[in-house]
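What follows is the residue order along each chain.
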Amino acid sequence: MAATRAVAAGGPERSEAPVRTRITDMLGIDIPIVQAPMGYIARSRLASAVSQAGGLGICETSSGRWDEVRAEMEAMPTLTDRPWGVNIAGLFVRDPALLDTVIDVVVNAGVRFATTSAGDPARLVPPLKAAGITVFHVVPTLRGALKAVAAGADGLVVEGVEGGGFKNADGASTMVLLPQVAAAVDVPLIAAGGICDGVSMAAALTLGADGVQMGTRMLTSAESPVHDNWKSAVLAATETDTVVVNRYARPAMRTLRTELSSEAERQSPAPSLSLDGIRSLYFGGEMNAAYAMSGQVAGRVTEVLPVRQILETTWRDCQARLRQMGNRATG
Ligand SMILES: Cc1cc2nc3c(=O)[nH]c(=O)nc-3n(C[C@H](O)[C@H](O)[C@H](O)COP(=O)(O)O)c2cc1C
């Protein structure tokens, strides 16, 4: 594995050549941007668009709709010949027999890369590695990072508390957590939480990441299947328009502030929601039918754009910002 660190180019060797990172080399992608797994959302349409644009698309399994998930994975090779991956969230595969079945589905779909999250890495990482899959574990703390590396993870997704979705409610922000983890481990890192464009990506690379993962930004892409009402609510949101629901009862989740989530924020446990409610929100646009999980970066997302434009603009602006900072540092 090439151990090229992404750094702000500076000094006499400064060039216009594209920045490569340990992630581009390891995963065989052109742009070190990973699309976040999101239940029901990160399916073949969105994931293949990201892979086709040069990033890494990820298929979800956290919906637990195994027939649908299998069909989506089977569709991927018909939509892209570029690398793609899957996510397995331990929370949704507590039954050991189910975990084995999911791993079989993943292996049979020809998947070479997986992220594991919301569970013990010692349980999730080894069986995937034994099946020949490169595994990155999602970590919300330094302690979690050390545990995941000890369990054999090939890399980490370092997720700050500002990100959307299931969270460690007491977790640190990307700005605090990422450099802390980067100083402590020597595996490739993907930063998640708060990243939506070139400047935020450049910040993550500068803090020690080799690539970034975007959830909220991808949720609002043109290829995302969620109802326009949810996308519009993200575009209208300010940086203070998310709340953490289930802070004390777990699993905590960061979600857009709506009538439903504002009430649920004060309840412990927060009301759990039906599958019908989830479908009504995701595909029917009923904003109070379920929790509209989104990150604080909703306050910085202002347009629905095609995935290719998001990736290309972000990467171009990121590299420009890194060069600009190199120039600034060298006078
Ligand atoms: C709607 C939604 C669903 C998510 N579902 C999952 C999931 O199933 N598995 C997982 O590891 N992360 C999940 N996440 C977290 C994302 O993978 C990602 O790390 C996070 O969104 C990054 O922060 P950002 O929203 O600021 O980009 C989800 C996030 C959102 C917004």
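Reading the values: rules and limits
Sequence order as written defines residue numbering, which begins from 1 separately in each chain. Totals for whole chains, interfaces and linings use all residues, but because this is a predicted model, local features are given only for residues with pLDDT of at least 70 and pairs of side-chain atoms are given and counted only at 80 or more. Defining nearness, a residue is near a molecule or strand when the C-beta atom obtained from its backbone falls within 6 Å of it. A run of H or I in DSSP becomes a helix once it reaches four residues, and a run of E becomes a strand once it reaches two; helices and strands are each numbered from the N terminus. Throughout, the ten residues Ala, Val, Leu, Ile, Met, Phe, Trp, Tyr, Cys and Pro are labelled nonpolar, Asp, Glu, Lys and Arg are labelled charged, and all others, Gly among them, are labelled polar. Marked domain ranges trace back to an automatic or database domain assignment. Only C-alpha atoms enter the line fits that serve as axes; for helices the fit covers just the stretch in contact. Angles between N-to-C directions range over 0 to 180 degrees. A clockwise turn of the near helix away from the far one marks a right-handed crossing, whereas an anticlockwise turn of less than a right angle marks a left-handed crossing. Contact criterion: two residues are in contact if their C-beta atoms, reconstructed from the backbone, are within 7 Å. Counts of 20 or more other C-beta atoms within 10 Å of a residue's own C-beta define buried residues, counts of 12 or fewer define exposed ones, and intermediate counts define partly exposed ones; C-beta atoms are placed from the backbone. When DSSP finds at least two bridges between two strands, those strands are taken to pair. Seen with its strands pointing away from the viewer, a crossover is right-handed when the path leading from the first strand over the helix to the second is clockwise.

Draft legend 1. Spotlight on the site of the ligand. As a structural note, the neighbourhood of the ligand is formed by 30 residues, with Gly-163, Gly-164, Gly-165, Gly-215 and Gly-295 the closest of them. For the shell around the ligand, the secondary structure elements donating two or more residues are strand E3 (84-89), strand E9 (211-214) and helix H9 (216-219). Of all the elements, H9 adds the most residues to the shell around the ligand, at three residues. Class assignment of the residues belonging to the shell around the ligand gives a composition of twelve nonpolar, 14 polar and four charged. Here the shell around the ligand gathers at least three residues from each of two domains, domain 1 (22-225 + 305-324) and domain 2 (228-298).

Draft legend 2. The packing of helix H2 (residues 44-52) against helix H3 (residues 66-79), seen in detail. Where H2 contacts H3, the axes come no closer than 9 Å and their chain directions differ by 35°. Classified by chirality, the crossing of H3 by H2 is right-handed. Where H2 approaches H3, its residues Ser-44, Ala-47 and Ser-48 are matched on the opposing element by Glu-72, Ala-75, Met-76 and Leu-79.

Draft legend 3. Representation of the pairing of strand E6 (residues 155-159). Among the five residues of E6, five are classified as buried, and the element is accordingly described as predominantly covered. Of the two faces of E6, the one carrying Gly-155, Val-157 and Glu-159 and the one carrying Leu-156 and Val-158 are both buried. Summarising the sheet, strand E5 (residues 134-139) and E6 pair through four bridges and their orientation is parallel. In the strand pairing of E6, Val-139 is matched with Val-158. Note on the crossover from E5 through helix H6 (residues 142-150) to E6: the handedness is right-handed. Of the pairings in the sheet, the one linking E6 to strand E8 (residues 189-192) comprises four bridges and is parallel in character.

Draft legend 4. The arrangement of the domain arrangement of the protein in detail. Taken domain by domain, the protein consists of domain 1 (22-225 + 305-324) and domain 2 (228-298). Summarising the inter-unit geometry, the C-alpha centres of domain 1 and domain 2 are found 22 Å apart. Between domain 1 and domain 2, the residue contacts involve 19 residues of the former and 16 residues of the latter. For the side of domain 1 that touches domain 2, the elements supplying multiple residues, two or more each, are strand E7 (165-167) and H9. Within the side of domain 1 that touches domain 2, the residues separate by chemical class into eight nonpolar, eight polar and three charged.

Draft legend 5. View of the environment of Glu-60. Note on placement: Glu-60 falls in the loop between strand E2 (57-59) and H3. Under the C-beta neighbour-count criterion, Glu-60 is labelled buried, with 25 such atoms within 10 Å. With twelve residues separating them in the primary sequence, Glu-60 and Glu-72 have C-alpha atoms 9.2 Å apart. In contact with Glu-60, not counting residues within four places along its chain, are Pro-37, Met-38, Gly-39, Ile-41, Ala-42, Arg-43 and Asn-87.

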